[in-house]
Amino acid sequence: RYENEDKLPVIYVTDGHEYSDDTKGSMVTVLDNLIAKGKIKPVIAVFIDPRDPDSLSMNKRESQFLMNEKYLSFVCDELIPEIDTKYKTDKNPDNRAILGTSFGGVCATYFALMRSNIFHLAGIQSPAYWSASKLQSIRETLPKFSLKLFISTGTINDGEMLTRMIKKQFEEDGFEILYKETSEGHSWGNWRSLLDDMLIYFWGK
């Protein structure tokens, strides 16, 4: 029903090739089912593939996702304007989300903190905060602003202690948070099972 819609929310998905894969994130199916059942508003999803398009075996996520200013600039200053020009998007930051898992969860956190004027929504799944020592100092230097965050972690060797600590700090910052823990590890079974919770939290009817 795209032709009948206007000002559609947009979610930008890091590791997009895996989130959209039916054997991993299966997010296309999750989105279609939630929209068809009327549980969420229609949403545009932009699945960003971190692999080199000329050599798919070369995944650049480790250099792109860990607080990389050039990657932040690419998404915010190049990709988003292109999507907003070509599609019927809602340009309000309240209806624009960034999503990621593991290193992508670090990326989603960094994007939301650094460009809160662009992303007011962030889906953060099993964030690898152990790899993000600069995140604390970045957060402490920023002025007060509002964010709506979905944060999830497994409880089996999934960095849950550090995630709980960061979540508490974000609560003290006044961010709106839906927090979920599952009896899972660092896996797509964990992340896929919570996609509907996240999407309904952001755009439920």
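Above: the structure in question.
Everything quoted here is computed from the prediction, not taken from an experiment. (Residues numbered from 1 in each chain as written. Predicted model: local features only at pLDDT ≥ 70, side-chain atom pairs only at ≥ 80, totals over all residues. Heavy atoms only, no water.)

Thoughts on the sheet that holds strand β5 (residues 96-101)
Here is step 1: Ordered by their spatial adjacency, six strands build an open sheet running β2-β1-β5-β6-β7-β8, and the pairing between neighbours is parallel. Both outer strands of the open sheet, β2 (44-47) and β8 (176-182), are each paired with one neighbouring strand and no more. Neighbour-to-neighbour, the strand axes of the sheet open up by a mean angle of 15°, direction not taken into account.
Here is step 2: One ladder, built from five bridges, connects β5 with strand β6 (residues 121-125); its direction is parallel. Residue G100 lies in a different strand from β6, and its bridge partner there is I124. (Pairing = 2+ DSSP bridges. Helix = DSSP H or I, 4+ residues; strand = E, 2+ residues; numbered from the N terminus. Axes fitted to C-alpha atoms, helices over the stretch in contact; angles between N-to-C directions.)

As for the packing of aromatic side chains
For any pair of aromatic rings, the description consists of the separation of the ring centres together with the inter-plane angle of the planes.
Here is step 1: With the rule as written, the count across this model stands at 13 aromatic pairs.
Here is step 2: Ring centres of Y201 and F202 lie 5.6 Å apart, and the angle between their planes is 35°; on these two criteria the pair is classed as tilted.
Here is step 3: An aromatic cluster of at least three residues, connected via ring pairs, comprises Y12, F65, Y71, F74, Y110, F111 and F119.
Here is step 4: Lying over the aromatic face of Y2, K88 brings its terminal NZ or CZ to 4.8 Å of the ring centre.
Here is step 5: K167 extends its terminal NZ or CZ atom over the ring of Y179, reaching a point 4.7 Å from the ring centre. (Phe/Tyr/Trp six-rings, centres within 6.5 Å; stacked < 30°, edge-to-face > 60°. Lys NZ or Arg CZ within 6 Å of the ring centre and 35° of its normal.)

Section: helix α9 (residues 195-203)
Here is step 1: Every buried residue of α9 is accounted for by L195, M198, L199, Y201, F202 and W203. Down the axis, α9 shows its buried residues gathered within 165° of arc, on one side only. (Buried < 20%, exposed > 50% of the residue type's maximum accessible area, 1.4 Å probe, protein only. Arc of directions from axis to C-beta.)

Some thoughts on helix α5 (residues 103-114)
One turn of an α-helix holds 3.6 residues; hence residues three or four places apart share an orientation.
Here is step 1: Spanning twelve residues, α5 covers 16 Å between terminal C-alpha atoms, matching the ideal 16 Å at 1.5 Å per step.
Here is step 2: Turning to α5, its buried residues are F103, G104, G105, V106, C107, A108, T109, Y110, F111, A112 and L113.
Here is step 3: Buried residues along α5 sit in contact with α3 (61-64), α4 (69-86), β5, β6, α6 (135-141) and α7 (160-172). (Expected span 1.5 Å × (residues − 1). Contact = heavy atoms within 4.5 Å.)

Details of the environment of V43
Here is step 1: Relative to the helices and strands, V43 is located in the loop between α2 (27-36) and β2.
Here is step 2: Exposure remark for V43: the relative accessible area of 12% places this residue in the buried category.
Here is step 3: Expressed as a C-alpha distance, the spacing of V43 and R96, which sit 53 residues apart in the sequence, is 9.8 Å.
Here is step 4: With residues near it in sequence (within four places) discarded, V43 still touches P9, I11, L31, I35 and W203.

Re the side chain of Q64
Here is step 1: With respect to the helices, strands and loops of the structure, Q64 is situated in helix α3.
Here is step 2: Those residues in contact with Q64, other than ones at most four positions away along the chain, are P50 and Y71.

Observations concerning the packing of α2 against α9
Here is step 1: It is the contact of α2 with α9, at a shortest axis distance of 10 Å, that shows an interaxial angle of 45°. Between α2 and α9, the angle falls in the class oblique. In terms of crossing hand, the pair formed by α2 and α9 is right-handed. For the pair α2 and α9, the contacting residues are M27, V30, L31 and L34 in the first and L195, D196, M198, L199 and I200 in the second.
Here is step 2: Residue composition of the contact of α2 with α9, by class: eight nonpolar, no polar and one charged. (Parallel < 35°, antiparallel > 145°, perpendicular 65-115°, else oblique. Left-handed = near helix turned anticlockwise from the far one by under 90°. Nonpolar A, V, L, I, M, F, W, Y, C, P; charged D, E, K, R; others polar.)

Structural notes on the pattern of salt bridges
Here is step 1: Throughout the structure, instances matching the rule amount to nine salt bridges.
Here is step 2: Taking the shortest distance from any N to any O, the salt bridge between K24 and E18 comes out at 3.4 Å.
Here is step 3: Relative accessible area serves as the criterion here: at 29%, K24 is assigned to the partly exposed category.
Here is step 4: Between E181 and R164 there is a salt bridge whose closest N-O contact spans 2.6 Å. (Salt bridge = Lys/Arg side-chain N within 4 Å of Asp/Glu carboxyl O.)

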